[in-house]
Amino acid sequence: MANGQANGQWFPADWPERIRALTEGTITPVTPRRAATVMLLKDTADGPAVHMLRRRASMAFAGGAYAYPGGGVDARDDDHLVRWAGPTRVWWADRLGVDEKAAQAIVCAAVRETYEEAGVLLAGPSPETVVGDTTGDDWETDRAALVARDLSFAEFLDRRGLVLRSDLLGAWTRWITPEFESRRYDTWFFVAALPEGQRTRNASTEADRTVWIRPREAADAYDKGELLMMPPTVATLRQLLPYPTAAATLAAAPGRDLTPVLARASLENGDIVLSWPGHDEFTKHIPTGGAPE
């Protein structure tokens, strides 16, 4: 990892080389894999807190960086037998900008990853309920099977007779990993409130720490260089600041623009300029043969 910033922006050491190769046409962009991540919120006396995890330093991608629970879409989760509550699959397809099957798989990924990495399950025995505590041994066996991909989320819901509560999610934003990255994701960010009766835990093998932190505190710590994060994480933290409660955040979600944010790399006077449209704070100037400024 290279990080020449005064703040805590995570910057991969191979980016300058890969950006140059992309601008020279010597590498072909990898097709991004669809993914989902969830900003899980709970109300506190000082406003909403968001659940974040710190990726293990040994991780090849963004080691040591703070992020939200999330991961790739499982193609098996486009099974239309899934019991479903909330907006229809057609509504979600329109909202997410994909077809109906893909929409279900993306929503399933958001709910599954929140369960896999935080132990929180946005599903219940009926369209109006959510499950209670999920820390028992039988739940853990199923969670481990989901992590290992021995069990699809659709199969898990069916086996337990659970209804996926899509109404507990709000689609917030969408970011696509830059074209010069060797590992790329097309990621939909969702917001959700911690269901009553459930509690988070560090269930992820990819994280060594989890925290509940107010978005303002997390963003300030990033600005001071105390917390390491990637641009989408920082941007979404700042977007959460105006909302006084988890419910207010969720209520704002349907009005959010889901036009994908994709970094651009250009050559200017021999230097590389890396920018994220609409997010000027992440712009970087990379001198030829040098480190980012």
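Structure: above.
About the cut-offs
Residues numbered from 1 in each chain as written. Predicted model: local features only at pLDDT ≥ 70, side-chain atom pairs only at ≥ 80, totals over all residues. Heavy atoms only, no water. Axes fitted to C-alpha atoms, helices over the stretch in contact; angles between N-to-C directions. Helix = DSSP H or I, 4+ residues; strand = E, 2+ residues; numbered from the N terminus. Parallel < 35°, antiparallel > 145°, perpendicular 65-115°, else oblique. Contact = heavy atoms within 4.5 Å. Nonpolar A, V, L, I, M, F, W, Y, C, P; charged D, E, K, R; others polar. Buried < 20%, exposed > 50% of the residue type's maximum accessible area, 1.4 Å probe, protein only. Pairing = 2+ DSSP bridges. Phe/Tyr/Trp six-rings, centres within 6.5 Å; stacked < 30°, edge-to-face > 60°. Core = buried A, V, L, I, M, F, W, Y, C linked by side-chain atoms within 4.5 Å. Left-handed = near helix turned anticlockwise from the far one by under 90°.

A. Representation of the packing of helix H2 (residues 89-96) against helix H3 (residues 100-118). Here H2 crosses H3 at 85 degrees, and the two axes come no closer than 8 Å. As summarised for this structure, H2 and H3 are arranged roughly perpendicular, according to the angle between their axes. Note on element contacts: H3 touches H2 through Glu100, Ala103, Gln104, Ile106 and Val107, opposite Arg89, Val90, Trp92, Ala93 and Leu96. Looking at the contact of H2 with H3 residue by residue, the class counts come to 7 nonpolar, 1 polar and 2 charged.

B. Structural view of the pairing of strand E8 (residues 169-176). Where burial is concerned, most of E8 is hidden: 8 out of the 8 residues are buried. Strand direction decides the pairing type here: E8 and strand E9 (residues 185-193), joined by 7 bridges, are antiparallel. Paired with Gly170 across the two strands is Val191, which belongs to E9. When E8 meets strand E11 (residues 261-262), the two strands line up parallel, connected through 2 bridges. By the bridge assignment, Ile176 is partnered in E11 with Leu262.

C. Examining the packing of aromatic side chains more closely. All told, the structure shown has 9 aromatic pairs when counted by the stated rule. Considering the side-chain rings of Trp172 and Tyr243, the 5.7 Å spacing of their centres and the 80 degrees angle between planes classify their relative orientation as edge-to-face. On the criterion of sequence distance, the pair formed by Trp172 in strand E8 and Tyr243 in the loop between helix H7 (231-240) and helix H8 (246-252) is long-range, its members being 71 residues apart. Taking the relative accessible area as the measure of exposure, Trp172 reaches 0% and is therefore buried. Ring centres of Trp276 and Phe282 lie 6.1 Å apart, and the angle between their planes is 75 degrees; on these two criteria the pair is classed as edge-to-face. According to the relative accessible area criterion, Trp276 is buried, its value standing at 4%. Connected via pairs of aromatic rings, a cluster forms that spans Tyr115, Trp139, Phe153 and Phe156.

D. The arrangement of the nonpolar core in detail. Grouped together as the largest cluster of nonpolar side chains are 41 residues, with contacts concentrated most on Leu96, Leu121, Phe156, Leu169 and Phe190. When residues of this core are traced back to their parent elements, those giving at least two are strand E1 (33-44), H2, H3, helix H4 (137-147), helix H5 (153-160), E8 and E9. At 10 residues, the largest contribution of residues to this core is made by H3. Counting 35 residues, the second-largest nonpolar core is a separate cluster that includes Met39, Ile213, Ala252 and Val261.

E. Representation of the pairing of strand E13 (residues 271-275). Relative to E13, strand E12 (residues 264-268) runs antiparallel, the two being bridged by 5 bridges. Across the sheet, the residue bridging to Arg264 is Ser275, located in E13. Connecting the antiparallel pair E12 and E13 is a turn made up of 2 residues, with Asn269 showing a positive phi of about 55 degrees. Note: E13 against strand E14 (residues 284-286), 3 bridges, orientation antiparallel. From the neighbouring strand, Leu274 faces E14, where its bridge partner is Lys284.

F. Looking closely at the sheet that holds E13. Taking strand neighbours across the sheet as the criterion, the 3 strands line up as E12-E13-E14 in an open arrangement whose pairing is antiparallel. In the strand order of this sheet, the two ends are held by E12 and E14, each with one partner. The average angle at which neighbouring strand axes cross in this sheet is 25 degrees, direction not considered. Sheet strands touched by helix H1 (residues 15-23): E12, E13 and E14. Its angle to E13, the strand with the most contacts, is close to 100 degrees.

G. Inspection of the packing of helix H6 (residues 215-223) against H7 at higher detail. At a minimum axis distance of 8 Å, the contact between H6 and H7 shows a crossing angle of 140 degrees. As far as their axial angle goes, H7 and H6 are oblique. H7 is crossed by H6, and the crossing has left-handed handedness. For the pair H6 and H7, the contacting residues are Pro215, Ala218, Ala219, Tyr222 and Asp223 in the first and Val234, Leu237, Arg238 and Leu240 in the second.

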